[in-house]
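# A closer look at the structure
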Amino acid sequence: MNKGVKLEAIANLLNKNFLIRSYQRGYRWDENQVNDLLTDLKDFIDQPNKSEEEFYCLQPIVVKRLSLEEKEKLKRLAFGDEVIYEVIDGQQRITTITIILNFLKEILKEQIVIEQLPSITYEAREESKKILSHINNYINSTDGKKEFDNNIDFYHMNIVYSTISKWFKKIETKYQIQFLKLLTSYKINCVKVIWYEVEEKENSIEVFRRFNVGKIPLTNAELIKALLLKENESVSNTIKFSIAKEWQQIENQLQSKFFWGFLKPSKKYASRIEYIFDLLFLTAKNEKDDKISFDRLYGTDKHNVFRYFSDEIKKSSDLLTVWDKVNKVFEKLLQWFNHSQHYHYIGYLQNKEERRDRNIIFDLLSQNFETKDDLTTKLVNQISDECKSYFKDRTIALNYESNKSSLRNMFFLLNIESYIHLSQSSKGEEIYRLPFNLYSSVNYDIEHIDSQAEKDKNALKTEAKIELLKDLEIDYGFEIGDNFTGSLLPLFKDLEIDNKWEIDNLILETLDSVFELTVILVDDFLEKDTDKLNDKEKNNIGNLTVLNDSINRSYGNSYFNTKRRLIIEEDKKGVYIPIATKNVFLKYFSGNTKKHTRWSKSDANNYQAQMTTSFEKFIK
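Per chain, residue numbering runs from 1 following the sequence as it is written. Residue-level local features of this predicted model are given only where pLDDT is at least 70; pairs of side-chain atoms are given and counted only at 80 or more, and the full residue set underlies all totals for whole chains, interfaces and linings. Side-chain calculation: all heavy atoms of the structure are included, whereas hydrogens and water are not.

From N to C terminus, the chain includes 28 helices and 10 strands. Every radius of gyration here is taken over C-alpha atoms, with the globule rule written as 2.2 Å times N^0.38, N being the number of residues. Compactness check: the chain gives a C-alpha radius of gyration of 35 Å against a globular reference of 25 Å for 620 residues, more than 25% above the reference. Taken over the C-alpha atoms alone, the chain extends approximately 110 × 65 × 50 Å along its principal axes. Sequence-distant contacts in the chain: of pairs separated by 6 or more residues, those separated by 24 or more amount to 75%. Total accessible area computed for the chain in this model is approximately 31,400 Å², and 46% of it derives from carbon and sulfur atoms. Helix and strand assignments follow DSSP, with helices taken as H or I runs no shorter than four residues and strands as E runs no shorter than two, numbered in order from the N terminus. In what follows, residue pairs with any heavy atoms lying within 4.5 Å of each other are defined as contacts. To measure how exposed things are, a 1.4 Å probe is used in the Shrake-Rupley method; for residues, cover is taken only from the protein chains shown.

So, in C-alpha cells, the structure goes:
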C-alpha cells in the first residue's frame, strides 16, 4: 500500500534526509545521461510563452519513512530526531540533482548563498555522504581527487561533476542563475518529481525488487490509484473503500481475454484499467483548442496521464466526480461488449489487418449516439468505407491474385457476419461470439478449397507417398470400391494384421508403381464429375477460404475430402479454426450436400452467393 503520492518540487527535497540501503547498487550515471538531463532542463528554460503552472517533471522517486526501530538498528549512522527517507527507487536521480546543485553552489558562491542541499547517507559506503556533501572541495584539491580513484562510486561522481562543468562552459553564463531558480523554485516553472511514499511496514527489498528486477515500471495506473486512496482526512474511508472495490471489479473484467481481445489496444498494459485513464486523457486533450499548451502543461512522456489526473483530483472538490468519469467510460465499453453487433463490428475494426492509424474506441467515445441503431449504422458505414475495394458491380471483386491482406480481412468479416447471424437466430440469447483473442493469435493462409494444383508425384519421398496412399484409402477407397482395393494389393505382405500400413508390412519395391496407379485411379474418378472446377475457376473467391497456416502447410495440396477430414480432426482436438472455414468444409453453404468427398462448381457458386448476401449491407 502507498502512504501518499504527489508531485513534489525539488525545492521541497532540499531539507530532506535520504538513506541508500546496502541492497542497492552504487551510483552509476554517465556523461550521456547527465548531458541529456541538462539539455532537457535548458530546453524547458528556453521554452517560450510558458504559463506559471508549467514545470519539468522527473521520473518517480519511491521512498519509505524510516521507523524508530529501523533507526535503532542503524544507530552507527548517528541519526538524530530528523525524518529519514529510505530511497527505494530513484537514487541515481537524487544523487545527480545533488551534484548539479553542488556545482551551482560553487560557481555562484559570490552571488548567492545556498544553505540547504539534500543530505544522502549510504548504509554500506558511509564515506560517500562526506564526499558528496563536500564534493566541491574534493574536486578542487589534488588530495581530494585521489579519493575518486579509490572507489567506483566516487569515480562516477567525478565523471558526472566534470560533465556538468564542461556543459555549463559551453553555454551563456546567464543559465547558471536560471538553472538554480529552476531547481529551487517552489511553484513557478520549477522541476518536480513524482513522490511515491510507501507504508513504513512495507518490505523495502521486496518493493525494490518490484521496480528494479526486470525493470518493472511504476505505472500511471498505480500512481493514480495512490492519489485516489492516499491518506486524506477530507475523504471518508467508505468512499475510498468503494473506489478500491470498483477499481478491482473493472480490472478483473478487463483481464478477461474475451473482453480485452475485443478492445485490442495498440499499447500493452501491466494494469489494464490504465487504458481507461488513457482514453479520458485523450478526450480531455481533444476538447482543447490549444493542444500545444496542453502538452506543455502535462508533458508528452509516459507519466503525462498521471500528471493530468493529479491536477484533476487537486481541482475537484469531490473525489467521486473524477472517479465517476472512469466508471462512465467502463460502462460504455461494457454496453458495447454486451451488444452482439457492436461487439463484433468494433472488434473487427480493432483487430483487422492494416487497421487505420486511429483509435476506433476513442473516436466512438467522442461521439454521442441517440440510439443503439445509430451506433450500428456508424460502424457499418465505417466498415463499408474500409472494404469498398473488395466489391465491384455489387459482387465480390477479389480472387487469389488479389492483395492477401485484403483477402484475409474479407474472410475475417465473413466470420464476423457468421457469428452475428447465429446470435440473431438464437432468439435473443446472444451466446455466439467470435473470440477475438483466439482469432488474432493465429496466422492465416489463403487456402484453395479444391486444390489449385496436383502434387508433383515424382518429387514425393517414400514417407510422403505412403501417407498420401493412406489418405486416399480413408477418403476415397469406399466410394471407388473394388478397383481401389485391387490397386493397393501388391503393396502389402499381409492384409489381415491390425495395422497393415506398418513399414515392415510394405513391399517397398512395388511402392512407385502402386502409387502411380492409385493416384491415376482417383484422379480419373474425380475427373468424371461434370461439375468439377476448371483451373481458372479454382482461383475464384468461391474456391478460397482462410486456414491456420500451421494446418494448411501440414497437408499442402491434398484432395478436398482429406482436407475436410483433417480439419475436423484438428477441430476435435480443440484447435481454433474460424467458423466460416469449418462451414465451408462441412458444406454449410452448399445447396447439394450429397457429394461430401469433393468441392464442385455448384458448391463454389453457392458459397460465393452466400458471401455476397452476407456482405450486402457493406456493398455500396
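Structure shown, so let's carry the discussion forward.
Quick look at the nonpolar core now. Working definition of a nonpolar core: buried Ala, Val, Leu, Ile, Met, Phe, Trp, Tyr and Cys residues. They are joined through side-chain atoms within 4.5 Å. Residue burial is assigned from relative accessible area. The probe radius is 1.4 Å, only protein chains are included, and a residue is buried under 20% of its type maximum, exposed over 50%, and partly exposed in between. Formed by 112 residues in total, the largest nonpolar core has its most connected members in Ile 276, Phe 411 and Phe 615. Those residues in contact with Ile 276 that sit more than four places away from it in its chain are Ile 250, Leu 254, Val 326, Val 329, Phe 330 and Leu 333.

Stacked, edge-to-face and tilted labels apply to pairs of Phe, Tyr and Trp rings (six-membered ring for Trp) whose centres lie within 6.5 Å, assigned for plane angles under 30 degrees, over 60, and everything in between, in that order. One pass over the structure, following the stated rule, counts 45 aromatic pairs. A connected cluster of aromatic rings, assembled from ring pairs, spans Phe 258, Phe 259, Phe 262, Phe 330, Phe 337, Tyr 343, Tyr 348, Phe 412, Phe 436, Tyr 439, Tyr 444 and Tyr 576. Whether a charge sits over a ring comes down to the Lys NZ or Arg CZ being within 6 Å of the ring centre and within 35 degrees of the ring normal. Between Arg 433 and the ring centre of Phe 337, over which it is positioned, the NZ or CZ distance is 4.8 Å. The lysine or arginine in question, Lys 500, covers the ring of Phe 492, its NZ or CZ lying 5.0 Å from the ring centre.

Within a regular beta strand, the side chains point alternately toward one face of the sheet and then the other, so they alternate between its two faces. In terms of burial, strand β6 (residues 191–198) is largely enclosed, as eight of its eight residues are buried. Burial of the side chains of β6 extends over both faces: Val 191, Val 193, Trp 195 and Glu 197 are buried on one face and Lys 192, Ile 194, Tyr 196 and Val 198 on the other. At least two bridges found by DSSP between two strands is the condition for calling them paired. Looking at chain direction, strand β3 (residues 56–65) and β6 are connected through seven bridges and run parallel. Across the sheet, Leu 58 pairs through a bridge with Val 193, a residue of β6.

Let us now look at the pairing of strand β4 (residues 84–89). Counting buried positions along β4 gives six out of six residues, so the element sits mostly inside the fold. Here strand β2 (residues 17–20) runs beside β4; their pairing, made up of three bridges, is parallel. Its bridge partner being in β4, Leu 19 is matched across the sheet by Glu 86. Here four bridges tie β3 to β4, and the two strands are oriented antiparallel to one another. Bridged to Val 62 within β4 is Asp 89.

The next point concerns the packing of helix α11 (residues 237–254) against helix α16 (residues 319–337). Note on geometry: axes are C-alpha line fits, over the in-contact stretch for helices, and angles between N-to-C directions span 0 to 180 degrees. Look at α11 against α16: their axes get within 11 Å of each other, and the N-to-C directions meet at 25°. Judged on the interaxial angle alone, α16 and α11 are roughly parallel. Between α11 and α16 the crossing geometry is left-handed. Together, Ile 239, Ile 243, Glu 246, Trp 247, Ile 250, Gln 253 and Leu 254 of α11 and Leu 319, Leu 320, Trp 323, Val 326, Asn 327, Phe 330 and Leu 334 of α16 make up the contact between the two elements. Gly counts as polar in this scheme, as do all residues outside two lists: the nonpolar Ala, Val, Leu, Ile, Met, Phe, Trp, Tyr, Cys and Pro, and the charged Asp, Glu, Lys and Arg. Looking at the contact of α11 with α16 residue by residue, the class counts come to 11 nonpolar, two polar and one charged. Geometric relationships in this document are graded by angle, where less than 35 degrees denotes roughly parallel, more than 145 denotes roughly antiparallel, 65 to 115 denotes roughly perpendicular, and other angles denote oblique. The sense of a crossing depends on the near helix, which, turned anticlockwise from the far helix by less than a right angle, makes the crossing left-handed and, turned clockwise, makes it right-handed.

Moving on, we get to the environment of Ile 243. Along the chain, Ile 243 turns up in helix α11. Classification of Ile 243 as buried rests on a relative accessible area of 1%. In this structure the C-alpha to C-alpha distance between Ile 243 and Asn 327, which are 84 residues apart in sequence, comes to 9.9 Å. Ignoring any residue separated from it by four or fewer positions in sequence, one finds Ile 243 in contact with Leu 228, Leu 229, Leu 319, Leu 320 and Trp 323.

With that settled, consider unusual backbone geometry. Residues other than glycine seldom take positive phi values, yet Arg 394 does so here, at roughly 60°. Checked against the element boundaries, Arg 394 lands in the loop between β7 (391–392) and β8 (395–396).

The span you would expect from a helix comes to 1.5 Å times its residue count less one. Compared with an ideal rise of 1.5 Å per residue, which puts 12 residues at 16 Å, helix α17 (residues 340–351) spans 16 Å between its outermost C-alpha atoms and is within 8% of the ideal. Buried within α17 we find Ser 340, Gln 341, His 342, Tyr 343, His 344, Tyr 345, Ile 346, Gly 347, Tyr 348, Leu 349, Gln 350 and Asn 351.

Let us now look at helix α14 (residues 291–298). Where α14 starts, the residue carrying a side-chain oxygen 3.4 Å from the main-chain nitrogen of Ile 292 turns out to be Asp 290. Gly 299 lies just past α14 and shows a positive phi near 85°. For the purposes of these results, a polar contact is taken to be a pair of N or O atoms within 3.5 Å, where, inside protein, one atom must be able to donate a hydrogen and its partner to accept one; residues adjacent in sequence count only when each atom of the pair is a side-chain atom.

Right, let's talk about the environment of Asn 136 for a bit. Structurally, Asn 136 is set in helix α5 (residues 135–139). Spatially, the C-alpha atoms of Asn 136 and Asn 102 are 6.8 Å apart, while their sequence positions differ by 34 residues.

Within the secondary structure layout, Asn 102 lies in helix α3 (residues 91–107). A residue is classified by how much of its surface remains accessible, and Asn 102, at 2% relative accessible area, is buried. In this view, Asn 102 contacts Leu 117, Leu 132, Ser 133, Ile 135 and Asn 136; residues no more than four positions away in its chain are not counted.

Attention now goes to the pattern of salt bridges. The term salt bridge refers to a side-chain nitrogen of Lys or Arg lying within 4 Å of a carboxyl oxygen of Asp or Glu. Applying the stated criterion across every chain yields a total of 33 salt bridges. The partner of Glu 206 in a salt bridge is Arg 209, and the shortest N-O contact between them spans 3.0 Å. Separated by three residues within a single helix, Glu 206 and Arg 209 lie in helix α9 (residues 204–212), roughly one turn from each other. Here Asp 385 and Lys 620 are joined by a salt bridge, their closest N and O atoms 3.1 Å apart. Placement of Asp 385 in helix α19 (residues 372–386) and of Lys 620 in the segment after α28 (601–614) is noted, with a sequence separation of 235 residues between them.

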